[in-house]
Structures are given as C-alpha cells and as structure tokens.
Amino acid sequence: MIQYPLNPDVVIIGAGAAGIGAGRALAKAKIPFIIIEAKDRIGGRAFTDTTSLGHLWDHGCHWFHSADKNVLRNLAEEVGHKYRSEPRTGVMRAFMDGQWKNDRLREDFVWGVLGDVAEAGRDGRDIPAAALLDQNHPWYPMAKHWLALMYSVEPEEISTRDAGNYDDTGLNLPVEDGYGALIARLAAGLPIRTSIAATRISARGKEVLVETNHGTITAKAAIVATPARMLETGRLGIDGLPSEIAQAFADAPMGYYEKIAVAFDGKVFDGFDVPYADIFDPVAATTHPLNFELHPFGRPIAVTHIAGNFARDMEREGEAGMIDFAVSALVRAFGSDLRKRIKKATTTHWSSDIFINGAYSCARPGKGAARKAFAAPIQERIFLAGEHVHPTFQATAHGAFETGLFAAEKAIMALGHMTTGAKRTLPA
Ligand SMILES: Cc1cc2nc3c(=O)[nH]c(=O)nc-3n(C[C@H](O)[C@H](O)[C@H](O)COP(=O)(O)OP(=O)(O)OC[C@H]3O[C@@H](n4cnc5c(N)ncnc54)[C@H](O)[C@@H]3O)c2cc1C
C-alpha cells in the first residue's frame, strides 16, 4: 500500500515526467514526500491513450529524442518497455500540388533550414529563425511547418541560440508501448495524489506552504514541476518570485502542438512504401501542410501532427473541424475510398487544457539564454523542474525527467541531508 506522509519534507507539484523523475530520486533517498497532481491522471504531456480509438497512440510525447543520451530510453530497457531500437532511413514522402514528390529538393531545403537554424545558434547568433528562410522557395510552407513541429511556435518567434543549445544527437526512436505508458510505469509506487491543484506557494522561515483546492500542505521544500504556462500566467503563484525568473517565463513561452488521430477498419496504406507523409495540397491560399504517421507499429491508424499558431487556432475551432481538415488531406492524397474505411477519429486538446495550455517552451529571438534563470532556487527551498528548465534537452520528456532528478538533489541538499551520491549535473 502506498503511504502518504502527513508531514512531507518535500512537496512536488505536478506528476509529469519532471515530477515523477523528482519523486523517484526522493524515494531512492528515503525522503518523505508527496506529489500532487491537478488532473485526475498522471503523466501530463506524456499520455498514452488506448481507449478512444481502440488502438494505442500517444497524445503528447512519442519519440525518444537524442535516444543515445536519453535517460528514459535506458529506463525503458530496464523495465522492458518496447520501442523501435533501430532508426529507419527513407521514411518520408511528400504530397504537394496534387502529386507525390520524392525529390532531393525537399530534403535539401527543409532539412537544410532546420540545420541552419541550429547552426546559427551554435555560432553564437541569436536571431529569429525566420531570418534564415527563403519565403519564395517552393518548399517554404513545408520548412515553416517543420520548424513549427520542432519548436511549437512561428519562425519569427524562434531564437536560433535556443535552437543551437539543444543537444541533438540525430537519433530519434518512437516508443511502441507508449511514452505516456512508460512514464506511468516509472511512477509505480510513488505517493501521488491526483485531482489536487496548487494555487499559491510561499516560503515562510523554514517552511513552504502550498495552498491547494483541498487545503494547505506544509513542507520544508517544494519542487514545482508544472508546465511553464501555469507560472507565466500566475494561475499558480509563487510569493516573491524573482523578477528574472518571471521575465524568463515571458522570454521562453510555450507554443502549440496538436494531433488528430484516425482509426480505419484495417490497413489502408499497405501499398505505400514509407511510414510518414507530409501533405501540402494548396486547395486554398490558407491551406496548411500537415504530417502523418501511417500505421505506426502496424496499427490501423493514422496520426496527424500540426503545430504553431495554426494548431492553436484549429483547436479553438473544435474537434469536428480538425478531423475534417486531416481527413480531407488524406483523401486528396490517397483517394476518396479511404473515407469509407474510417471507424473513429479524435483529437488532442493541449492548447485549451487548463493545466497544460500549450506544447513546449521556445525562447524568443535575442533571449536564447533566458531559460538559464529557471535553474536558480527560489528563497532557498523552492525549485523549478520541467521541460522549460533543461538547458540542452529543453522541450522533451527526457529533459523534463532529468530536471526532476536535479531538482530533487537540490531539495535534498537544502534539507541538509546527504545527497543520493549520484553524480548528476545539468550542463551549464
Ligand atoms: C503534441 C506533443 C508532442 C510531443 N512529442 C514529444 C516527443 O516525441 N518526444 C519528447 O521527448 N517530447 C515530446 N513532447 C514534449 C514532452 O511531452 C514534454 O516536454 C514533457 O512531457 C513535459 O514534461 P513536464 O513534466 O515538464 O510537464 P508535464 O508533462 O506537463 O507535467 C506537468 C504536470 O503538472 C500538472 N499541473 C499543472 N498545474 C498544476 C497545479 N496547479 N497543481 C498541480 N498540478 C498541476 C499538469 O496537470 C501536469 O500533469 C511533445 C509534447 C506535445 C504537446
């Protein structure tokens, strides 16, 4: 039976990858703690859905990014959680202007742009990614679309320096058994109370008071592992939040990213030779490119990815419009018979989710060093964790998890305990 300490030394707010990483580290160090989670489920942006379509798919994270340096991939190995262990080549085709195109031009331009953005940052330039884009290039909409998928904001809002800080090893592996399911497995046995939302945190002397919708929790330290948007908007307030941290929330805000998932009565893309397709068929001036996973792990589904302001606006319009948009694009590229094979369709709602409210953080141009401010303790006993806090694996689940481990180390030191002995340092 899970024990919930009445007087925890540490309270962790948020049971996403970061909060669960922190919880595992505190459990290992035998520190009394509790995790409170506002939603009625754990995992946050790591959420594997097996019910809405009758087939497993991830609403949020799905890939082990930088998989050769990914702490969660190692833990997946330990617990026997399946993922694709080999990268695949030649995986993408693009449908544009009414025909399938498989030319080097797309590869060179789209991947070239993504590489240029990060390289400019590594060269010390902190400019908008948009400055590196040729808007007249025929593949410009596709490059813009891919930048949005990677950074969840518009090219004008991407700091090349923040992009350059990301430690991209180039090895990205999808999680077959579900990334959300992995995070849930890693949370087994931790003292997590769901449906408890923190509203205000304050440090008083040697105590931290966390006000929630179920009363006040008193502890000696707090780890705040909620999405950045909660703190940026003040929906979760921290008394005496240093101005440089408040400014960093404004300088590295979260963007938007949604998925639309469709289930068929069987395999409908079997003759198609690759597992991913970009579809950009400009039937109107406003038509937007989208990206599909086709039959991931052999499942009879397709999952569409859209991001940036377009994803935010579509989500606002509602599920019916999102599904129609995705299905219409599929039908244009694969033929109208496809429509008859559809069994179910559903969408994510990260943008309007009151406890998430976006996708992931991206620093604004000129503010590429902004997220460094998140590493500082607040009044010596409040520590931030989450994807926004990681200096080199920002915007990822494994990055979030690592910041949780690190925040736990800091909390343990603040309590005056020995550290867990693990040599764990985030890059400066
Ligand atoms: C569509 C999409 C696709 C993605 N794809 C990938 C991918 O393939 N690979 C990858 O590595 N990353 C991906 N990411 C990013 C990744 O999912 C996130 O970076 C990561 O899961 C964030 O973890 P976190 O712990 O920082 O925050 P979260 O997972 O958001 O956890 C924070 C928790 O805090 C809770 N909370 C909020 N407010 C309160 C409150 N007041 N009181 C108590 N609890 C509160 C929330 O409900 C939530 O459960 C994707 C994200 C999205 C949206």
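Calculation rules
Residues numbered from 1 in each chain as written. Predicted model: local features only at pLDDT ≥ 70, side-chain atom pairs only at ≥ 80, totals over all residues. Heavy atoms only, no water. Helix = DSSP H or I, 4+ residues; strand = E, 2+ residues; numbered from the N terminus. Rg over C-alpha atoms; globule rule 2.2 N^0.38 Å. Buried < 20%, exposed > 50% of the residue type's maximum accessible area, 1.4 Å probe, protein only. Contact = heavy atoms within 4.5 Å. Areas by Shrake-Rupley, 256 points an atom, 1.4 Å probe, with all protein chains shown as cover. Lys, Arg positive; Asp, Glu negative; His and termini not counted. Charge placed at Lys NZ, Arg CZ, Asp CG, Glu CD. Pairing = 2+ DSSP bridges. Arc of directions from axis to C-beta. Domains from an automatic or database assignment. Buried area = accessible area lost by both parts, 1.4 Å probe. Salt bridge = Lys/Arg side-chain N within 4 Å of Asp/Glu carboxyl O. Polar contact = N/O pair within 3.5 Å; in protein donor to acceptor, adjacent residues only side chain to side chain. Nonpolar A, V, L, I, M, F, W, Y, C, P; charged D, E, K, R; others polar.

Student: So what about the overall build of the protein? Which residues, and what values?
Tutor: Across its full length, the protein holds 12 helices and 20 strands. Relative to a compact globule of 428 residues, whose C-alpha radius of gyration would be 22 Å, the protein shows 22 Å and is just as compact. Viewed in the frame of its principal axes, the protein has a C-alpha envelope of about 65 × 50 × 40 Å. Per-residue burial over the protein gives 57% buried out of 428 residues. Considering only intrachain contacts with a sequence separation of at least 6, the fraction spanning at least 24 residues in the protein is 75%. Surface accessibility of the protein: about 17700 Å² in total, with carbon and sulfur atoms responsible for 50%. For the protein, the separation between the mean place of its 46 positive charges and that of its 50 negative charges on side chains is 5 Å.

Student: Summarise the sheet that holds strand β9 (residues 192–193); cite the residues concerned and give the values.
Tutor: Spatial strand order, β9-β2-β1-β13-β20: five strands in an open sheet with parallel pairing. Across the chains shown, the open sheet's two edge strands, defined by having one partner strand only, are β9 and β20 (382–384). As paired elements, strand β1 (residues 10–13) and strand β13 (residues 221–224) share four bridges and run parallel to each other. Paired with Ile13 across the two strands is Val224, which belongs to β13.

Student: Tell me about helix α8 (residues 243–251), and please be specific about residues and values.
Tutor: Inspection of α8 places Ile245, Ala248, Phe249 and Asp251 among the buried residues, and these make up the whole buried set. All buried residues of α8 lie within an arc of 165° about the axis, which places them on one face of the element.

Student: Pulling in residues and values, what's your account of the domain arrangement of the protein?
Tutor: When cut into domains, the protein gives domain 1 (10–46 + 178–253 + 361–414) and domain 2 (88–170 + 257–347). Domain 1 puts 16 residues into the contact, and the matching count from domain 2 is 14 residues. With both chains or domains summed, domain 1 and domain 2 bury close to 1200 Å², and 51% of this area falls on carbon and sulfur atoms. Looking at the side of domain 1 facing domain 2, the largest losses of area belong to Cys362, Pro365 and Gly368, adding up to 40% of the total buried there. At the junction of domain 1 with domain 2, the criterion picks out one salt bridge. Across the pair Asp162 and Arg371 runs a salt bridge whose closest N-O atoms are separated by 2.7 Å. For the pair domain 1 and domain 2, the number of links is nine residue pairs in polar contact (both at pLDDT 80 or more). Taken together, the residues of the side of domain 1 that touches domain 2 sort by class into six nonpolar, six polar and four charged.

Student: Describe unusual backbone geometry, naming the residues involved and giving the relevant values.
Tutor: A positive phi is found at Lys30, a non-glycine position, where the angle reads about 60°. Tracing the backbone through its elements, the reader meets Lys30 in the loop between α1 (17–28) and β2 (33–36). A positive phi angle, near 70°, is found at Ala395, a position not held by glycine. Tracing the backbone shows Ala395 in the loop between β20 and α12 (397–414).

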